[in-house]
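Summary of structural features
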Amino acid sequence: MDASEDTLVVLTALPLERRAVRRLLEGLERVDQAGTVFERGRLPGTSWTLYLAATGPGNDSAAVITERAINFVRPQAVFFVGIAGSLKPDVSPGDVVVASEVYAYHGGKESAGGVKGSPGCVQGSGVRVRPDPGVCSGIRMRPA
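It should be emphasised that the depicted structure is a prediction, and the values quoted were computed from it without experimental measurement.

**Here's the deal with the overall build of the chain**
Secondary structure assignment for the chain yields two helices and 11 strands. Secondary structure elements of the chain, listed N to C terminal, follow the sequence β-α-β-β-β-α-β-β-β-β-β-β-β. The buried share of the chain, taken over its 144 residues, is 22%. When contacts within the chain are restricted to residue pairs at least 6 apart in sequence, those whose partners lie at least 24 apart make up 57%.

**Section: the side chain of threonine 36**
Structurally, threonine 36 is set in strand β3 (residues 36-42). In contact with threonine 36, other than residues within four places in its own chain, are Val31, Ala53, Ile65 and Arg68.

**Quick notes on the nonpolar core**
One recurring pattern in soluble globular proteins: nonpolar side chains tend to sit buried together. In this structure, Val9, Leu11, Val31, Phe38, Tyr51, Ala53, Ile65, Ala69, Phe72 and Val73 together form the largest nonpolar core, which totals 10 residues. Broken down by secondary-structure element, the contributors of at least two residues to this core are β1 (7-12), β4 (49-54) and α2 (59-73). At four residues, α2 tops the list of elements feeding residues into this core. Counting six residues, the second-largest nonpolar core is a separate cluster that includes Leu25, Leu43, Leu50 and Leu52.

**Some thoughts on the pairing of β4**
Here β4 lies mainly inside the structure; five of its six residues are buried. Bridge analysis of β1 against β4 gives six bridges, and the strand direction is parallel. If you follow leucine 11 over to β4, its bridge partner there is alanine 53. The sheet contact formed by β3 and β4 spans four bridges and is antiparallel.

**Focus on the pattern of salt bridges**
Tallied over the full model, the rule gives four salt bridges. Note that arginine 22 and glutamate 39 form a salt bridge whose closest N and O atoms lie 2.6 Å from each other. One end of the pair, arginine 22, is in helix α1 (residues 15-22); the other, glutamate 39, is in strand β3, and 17 residues separate them in sequence. Glutamate 39 sits in the buried class, given a relative accessible area of 13%. A salt bridge links arginine 40 to glutamate 29; its shortest N-O distance comes to 3.0 Å. Placement of arginine 40 in strand β3 and of glutamate 29 in strand β2 (residues 26-33) is noted, with a sequence separation of 11 residues between them. The class for arginine 40 is partly exposed, based on a relative accessible area of 23%. Look at the salt bridges and you will find they share partners, linking Arg18, Arg22 and Glu39 into a network.

About the thresholds
- Residues numbered from 1 in each chain as written.
- Predicted model: local features only at pLDDT ≥ 70, side-chain atom pairs only at ≥ 80, totals over all residues.
- Heavy atoms only, no water.
- Helix = DSSP H or I, 4+ residues; strand = E, 2+ residues; numbered from the N terminus.
- Buried < 20%, exposed > 50% of the residue type's maximum accessible area, 1.4 Å probe, protein only.
- Contact = heavy atoms within 4.5 Å.
- Core = buried A, V, L, I, M, F, W, Y, C linked by side-chain atoms within 4.5 Å.
- Pairing = 2+ DSSP bridges.
- Salt bridge = Lys/Arg side-chain N within 4 Å of Asp/Glu carboxyl O.

This is the structure:
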């Protein structure tokens, strides 16, 4: 599939999250790719085509399906969306939180002395999120 300027991939872990995104789309079609079921639909009032899939729980399946989606769809962006909790009093239900740092805590190295943890951190790109008011009406944007 060729890259498209108006194509996005949205991945969720839970079926409940997938259903919430699915309700926003029109003209849904099932697309099977290498054992992964995507749903392709249009985001009303925009030129965006969205490919939606649920990864299930766990990093391994999320990594495999993310790579499969990127190679198949060649999207402009990939979003992992879903339900999350917050300990911060200024974050409310419906807020969109964008990470400024992503921690990879699973890394490590095995040697004769045993396994040593090697966590890493990737800094955010500083991209500002400017949601389409028609899609995100009523959602407050807050930095992580």
